[in-house]
Amino acid sequence: MADLDLVQSLRFSPDGSLLASGGFRTVKLWRQTAATKTLDLASLESAARSLAVSDDGKLAAIGEESGKIQVFDLATARS
């Protein structure tokens, strides 16, 4: 399934297997090989402006337009 809203940021994981797309109050993770979304991080309070994935691919840090930064455990999708 595609992003239906404006994509404001993109970032590949260090190993290149995941692509994170940030939009309005949501971040989606896509597995590059099949271009399928693997996770929805939708608990953002404002638009995602920056994304970073840890080298081991276990954590994602998301910087929001409001200045808030959230770190998510990618195995559980919890911050």
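Our structure's up above, just so we're on the same page.
About the cut-offs
- Here the residue numbering is sequential within each chain, running from 1 through the sequence in written order.
- It should be noted that, the model being predicted, local features are given only for residues of pLDDT at least 70 and side-chain atom pairs only at 80 or more, the latter also being counted only at that level, while totals for whole chains, interfaces and linings use all residues.
- Side-chain numbers here rest on the full set of heavy atoms in the structure, without hydrogens or water.
- Note on conventions: DSSP H or I runs of at least 4 residues are helices, E runs of at least 2 residues are strands, and numbering of each starts at the N terminus.
- In what follows, residue pairs with any heavy atoms lying within 4.5 Å of each other are defined as contacts.
- To be clear on the numbers: accessible area is Shrake-Rupley with a 1.4 Å probe, and residue cover counts the displayed protein chains and nothing else.
- Should DSSP find at least two bridges between two strands, the strands are taken to pair.
- Angles shown run from 0 to 180 degrees and are taken between the N-to-C directions of axes, each axis being a line fitted to C-alpha atoms and, for helices, limited to the stretch in contact.
- Think of a polar contact as two N or O atoms within 3.5 Å of one another; within protein, one of them needs to be a possible hydrogen donor and the other a possible acceptor, and neighboring residues in sequence only count if both atoms come from side chains.
- Here, nonpolar core refers to any group of buried Ala, Val, Leu, Ile, Met, Phe, Trp, Tyr and Cys residues whose side-chain atoms link them within 4.5 Å.
- Between buried and exposed lies partly exposed: a residue is buried under 20% and exposed over 50% of the maximum accessible area for its type, with that area taken using a 1.4 Å probe on protein chains only.
- Salt bridge, as used here, is a side-chain nitrogen of Lys or Arg placed within 4 Å of a carboxyl oxygen of Asp or Glu.

From N to C terminus, the protein includes zero helices and seven strands. Put simply, 22% of the contacts in the protein that link residues at least 6 apart link residues at least 24 apart. About 4800 Å² of surface is accessible on the protein, with carbon and sulfur atoms providing 54% of the total.

Quick look at the sheet that holds strand 6 (residues 59-64) now. The three strands lie next to each other as 5-6-7, forming an open sheet whose pairing is antiparallel. In this open sheet, the two edge strands, each paired with only one partner strand, are strand 5 (48-53) and strand 7 (69-73). Along the sheet, successive strands turn relative to each other by an average axial angle of 20°, direction set aside. Both strand 5 and strand 6 contribute to a ladder of five bridges, which runs antiparallel. By the bridge assignment for strand 6, Ala48 is matched with Glu64.

The subject of this paragraph is unusual backbone geometry. Located in the positive-phi region is Arg25, a residue other than glycine, with phi close to 60°. You will see that Ala77, though not glycine, has its phi angle at about 65°, which is positive. The residue Ala77 is located in the segment after strand 7 in this model.

Before going further, it helps to spend a moment on the side chain of Ser13. By the element assignment, Ser13 lies in the loop between strand 1 (9-12) and strand 2 (18-23). Polar side-chain contacts of Ser13 include one of 2.7 Å to the side chain of Asp15. Setting aside its immediate chain neighbours within four residues, Ser13 contacts Leu18 and Val53.

Glancing now at the nonpolar core. With 13 residues, the main nonpolar core has Val27, Leu41, Leu44, Ile62 and Leu74 as its most contacted residues. Here this core gets three residues from one element, more than from any other, and that element is strand 5. In contact with Leu44, other than residues within four places in its own chain, are Arg25, Thr26, Val27, Ile62, Glu64, Gln70 and Phe72.

When their charged atoms lie close together, side chains carrying opposite charge are able to pair. Across all of its chains, the model carries two salt bridges by this definition. With its nearest N and O atoms 2.8 Å apart, the salt bridge here joins Glu45 to Lys68. Linking Glu45 in the loop between strand 4 (36-41) and strand 5 with Lys68 in the loop between strand 6 and strand 7, this pair joins segments that are 23 residues apart in sequence. For Glu65, the salt bridge goes to Arg49, with nearest N and O atoms at 2.3 Å.

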